[in-house]
Amino acid sequence: TKRFDRIGKAFFNIREFYQVVQDEYAMTNSLSIGLTMLFVLILSVFIYQVNAFYNLFTSIPAPFLFYMKIVFIVLLFSICKLLIVNMLGYIFYGRSEKVSNFVYNIFLMNNISGIVLIPIVIFTAYFSIIPRPAILTTSAIILIFIYLYRMLRAFRISSGEGGVSRLYFFVYLCSLELLPFLVIFKVITGR
């Protein structure tokens, strides 16, 4: 409970964020592993629900296999992104505290997104009181807000003491944040 409370505080308070990174940066503790798996599974369910509502991929042979493919893609994408950010940080800045802060920021925001998606996924699946387009639009707005907040926090972390050049941050945004969304959009729209 104490760790979970600190993660919540670290989302809103930058000082608490730095304290959490210093005290327990271990992404291998049981809470971190559980929250990461929660993020992957819940985001996959959300993507599955969006696909079911908007019929993005119409020829689905088996729903469970399609869901497992989504889980695999989300997990692979998350791991690759964290590894690339770690590798680039190590290449350009060595074993810097700034790199571990940057990676933990991504990790924290993903975990918070997974927690936020739980009620959205439940409402989408089991309740018809609120129309699905309203739920999906609200959830998209919330996820975009968390994403923009993550970018703002990442910029703040990277431009701190001995800051990262704005050019490097811009290249990071274009290559690791915006490019994957453009590729996914092209795949979905079939262009």
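Notes on the structure in this doc start here. Bear in mind that the values here come from a model prediction, so they are computed numbers and not experimental data. (Residues numbered from 1 in each chain as written. Predicted model: local features only at pLDDT ≥ 70, side-chain atom pairs only at ≥ 80, totals over all residues. Heavy atoms only, no water.)

Observations concerning the pattern of salt bridges
- Tallying each qualifying case throughout the model produces two salt bridges.
- Between Asp5 and Lys9 there is a salt bridge; the shortest N-O distance is 3.5 Å. With a gap of four residues between them, Asp5 and Lys9 both fall in helix H1 (residues 2-12), about one helical turn apart.
- Of the residues examined, Asp5 reaches a relative accessible area of 41% and is grouped as partly exposed. (Salt bridge = Lys/Arg side-chain N within 4 Å of Asp/Glu carboxyl O. Helix = DSSP H or I, 4+ residues; strand = E, 2+ residues; numbered from the N terminus. Buried < 20%, exposed > 50% of the residue type's maximum accessible area, 1.4 Å probe, protein only.)

Focus: helix H3 (residues 30-54)
- Helix length check: H3, at 25 residues, gives a terminal C-alpha distance of 36 Å against a target of 36 Å (1.5 Å per residue), a fit within 8%.
- Along H3, the residues that are buried comprise Ser32, Leu35, Phe39, Val40, Ile42, Leu43, Ser44, Phe46, Gln49, Val50 and Asn51.
- Contacts from the buried residues of H3 go to H1, helix H4 (63-93), helix H5 (97-126) and helix H6 (132-158).
- One or two residues past the end of H3 sits Asn55, with phi positive at roughly 50 degrees. (Expected span 1.5 Å × (residues − 1). Contact = heavy atoms within 4.5 Å.)

Describing the packing of H3 against H4
- Running from N to C, H3 and H4 point in directions that differ by 130 degrees, and their axes come no closer than 9 Å. Comparing their axes, H4 and H3 come out oblique. H3 and H4 meet at a crossing whose hand is right-handed. When H3 is examined against H4, the residues Phe39, Val40, Leu41, Leu43, Ser44, Val45, Ile47, Tyr48 and Asn51 are found in contact with a partner set consisting of Pro63, Phe66, Tyr67, Ile70, Val71, Val74, Leu75 and Ser78.
- Partitioned by chemical class, the residues of the contact of H3 with H4 number 14 nonpolar, three polar and no charged. (Axes fitted to C-alpha atoms, helices over the stretch in contact; angles between N-to-C directions. Parallel < 35°, antiparallel > 145°, perpendicular 65-115°, else oblique. Left-handed = near helix turned anticlockwise from the far one by under 90°. Nonpolar A, V, L, I, M, F, W, Y, C, P; charged D, E, K, R; others polar.)

Focus on the side chain of Gln49
- Mapped onto the elements, Gln49 comes out in helix H3.
- Of the polar contacts made by the side chain of Gln49, one reaches the backbone oxygen of Val121; its length is 3.1 Å.
- Ignoring sequence-local partners within four residues, the contact set of Gln49 consists of Val121, Thr124 and Ala125. (Polar contact = N/O pair within 3.5 Å; in protein donor to acceptor, adjacent residues only side chain to side chain.)

Description of the packing of aromatic side chains
- Per the stated rule, a full pass over the model turns up nine aromatic pairs.
- With centroids separated by 5.9 Å and ring planes inclined at 50 degrees, the aromatic side chains of Tyr48 and Phe66 adopt a geometry described as tilted. With Tyr48 in helix H3 and Phe66 in helix H4, this pair connects stretches of sequence that are 18 residues apart.
- Classification of Tyr48 as partly exposed rests on a relative accessible area of 25%.
- When its relative accessible area of 15% is taken as the criterion, Phe66 is described as buried. (Phe/Tyr/Trp six-rings, centres within 6.5 Å; stacked < 30°, edge-to-face > 60°.)

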